[in-house]
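# Report on the structure
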Amino acid sequence: MADKRRIGILTSGGDCAGLNAVIRAVVHHAIGNYGWEVIGIQEATNGLMSDPPQGINFNIEDIDPLLLMGGTMLGTTNKGNPFAFPMPDGSFRDRTQDIINGYHRLGLEALIGIGGDGSLAILRKIAQQGGINLVGIPKTIDNDVGATETSIGFDTATNIATEALDRLHFTAASHNRVMVLEVMGRDAGHIALAAGIAGGADIILIPEIPYHLDNIYKKIRQRQALGKNFCLVIVSEAVRTELGDQVKEIKQMGEDRYGGIGKYIAEKIAQQTGAETRVTVLGHIQRGGIPSPSDRLLGAAFGVAAVDLIAEGQYDRMVAWRNRQVISVPIAEAIETYWSVQLDGTLIKTAKGLGICLGDE
Ligand code: F6P
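Model, not experiment: these values are computed from the prediction. (Residues numbered from 1 in each chain as written. Predicted model: local features only at pLDDT ≥ 70, side-chain atom pairs only at ≥ 80, totals over all residues. Heavy atoms only, no water.)

## Side note on the overall build of the protein
For the protein, the helix and strand inventory stands at eleven helices and 13 strands. For 361 residues, the compact-globule formula gives about 21 Å, and the C-alpha radius of gyration of the protein, at 22 Å, lands near that figure. Principal-axis analysis of the C-alpha atoms places the extent of the protein at approximately 75 × 45 × 35 Å. Each of the 361 residues in the protein was classed as buried or not, and the buried ones make up 52%. By element, 50% of the accessible surface of the protein is carried by carbon and sulfur atoms, the whole surface being about 15800 Å². (Helix = DSSP H or I, 4+ residues; strand = E, 2+ residues; numbered from the N terminus. Rg over C-alpha atoms; globule rule 2.2 N^0.38 Å. Buried < 20%, exposed > 50% of the residue type's maximum accessible area, 1.4 Å probe, protein only. Areas by Shrake-Rupley, 256 points an atom, 1.4 Å probe, with all protein chains shown as cover.)

## Observations regarding the sheet that holds strand β11 (residues 276-281)
Taken in spatial order, the four strands line up as β9-β10-β8-β11 in an open sheet, and their pairing is parallel. The strands lining the two open edges of the sheet, one partner per strand, are β9 (203-205) and β11. Here the strands of the sheet are splayed against their neighbours by 15° on average, with no regard to which way each runs. Two strands pair when backbone bridges link them, and strand β8 (residues 177-183) and β11 are joined in this way by six bridges, in the parallel orientation. Looking at the pairing, R177 lines up with E276 of β11. Strands in contact with helix α6 (residues 190-198) are β8, β9 and β10 (231-236); relative to β9, the strand with the most contacts, it is inclined by about 170°. (Pairing = 2+ DSSP bridges. Axes fitted to C-alpha atoms, helices over the stretch in contact; angles between N-to-C directions. Contact = heavy atoms within 4.5 Å.)

## Let's talk about the nonpolar core
With 61 residues, the main nonpolar core has I7, I9, I112, I137, I204 and I234 as its most contacted residues. Per element, the largest residue contribution to this core is eight residues, and it comes from helix α5 (residues 154-175). Sequence-distant contacts of I7, defined by excluding residues within four places in its chain, comprise V26, A30, W36, E37, V38, I39, L108, A110, I112 and I310. (Core = buried A, V, L, I, M, F, W, Y, C linked by side-chain atoms within 4.5 Å.)

## Brief notes about the site of the ligand
Taken together, the neighbourhood of the ligand is formed by N78, I141, D142, M184, G185, R186, E237, R257, H284 and R287. Contact between the ligand and R186: an oxygen atom at 3.2 Å from a side-chain N or O atom of the residue. Between the ligand and the protein, one listed contact pairs an oxygen atom with a side-chain N or O atom of H284 at 2.9 Å. Burial of the ligand by the protein chains amounts to 87% of its free accessible area of 400 Å². Residue composition of the shell around the ligand, by class: two nonpolar, three polar and five charged. (Near = heavy atom within 4 Å. Polar contact = N/O pair within 3.5 Å; in protein donor to acceptor, adjacent residues only side chain to side chain. Nonpolar A, V, L, I, M, F, W, Y, C, P; charged D, E, K, R; others polar.)

## Side note on the pattern of salt bridges
For the structure on display, the rule yields 16 salt bridges. With a shortest N-O distance of 3.1 Å, R6 and E37 are connected by a salt bridge. Here E37 lies in strand β2 (residues 37-41) and R6 lies in strand β1 (residues 6-11), a separation of 31 residues in the sequence. The class of E37 is buried, set by a relative accessible area of 8%. Between D202 and R223 there is a salt bridge, with the nearest N and O atoms lying 3.0 Å from each other. On the criterion of sequence distance, the pair formed by D202 in the loop between α6 and β9 and R223 in helix α7 (residues 213-225) is long-range, its members being 21 residues apart. Residue D202 shares its accessibility class with R223, and that shared class is buried. Ionic contacts of the salt-bridge type, sharing partners, join the residues R93, R95 and D98 into one network. (Salt bridge = Lys/Arg side-chain N within 4 Å of Asp/Glu carboxyl O.)

Next up, the structure:
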């Protein structure tokens, strides 16, 4: 028992669909095929900094229902930077050493960290400081982690946003309305672009492409001239006003949150074109629910590959999806090459080819 290899796994940053599929695959492969122990760390690095560290010892028999479950059964957090961690007395403390101690107290030989670019950067810094053997798995509905073509959660979020457009289509047509759908994506427009094309949007606005409101009005008037008195607009939450201001919700727990650009665009359209507009903000619906088959597949493939990297002693690496297969890359490469929408990429060409207005012309 004592010489059994023991690895940890944690989920960090915002949740998304498919995280549990990764956990399930890691447990199956590590326990079932390698005969290791797998400890699930609760609430990201918070679980490691707790005294005693919070972890659950996985059993292979317990994990099958995980495939269908949204969220993360380990819990997560996207707050509380461990280098300046908010303490109950209002002060901030560097908790890095507590996290490193937690890893060693649990007797872990390696740690699988499932996170977006921010979480992976934090985990890597701690790993380097504390001799933690880290393997990363990319997840984020925003799909902006570098060095991988896709990340866990993006496909499900895109499916949900596409379905929202599908549903808005018919009510828009019935009432001759301009429907504006605001979707997530923090600083990258991947969800808006992909769902916009798949869901037949007439106008797609993403943060990577500055727009002029006049181009949007022109597109709506062109449709009106063709006798199509409804219009579907999808806008990414990080799109700014025409003057370049960010639209944010009220500060919560010291952080600004994006939100409100859909309302801004809808009001401008109503004022200038006379069209009746309505706004839908999709919000966290994009993060929840049953993972799509693609996210389950990706989760399974990433989980298995991450365990194999540990078996080969290849650390400080992240599994990635490229050219129809799983490869691994240095975590540093993934962090350094932030992946925003490529303006010369296929999807931009496709959108333009379909006559979709991207606001720039
Ligand atoms: O990064 C994932 C994401 O869902 C972004 O698309 C969004 O801006 C943000 O997280 C929302 O964060 P929270 O769950 O803290 O509201």
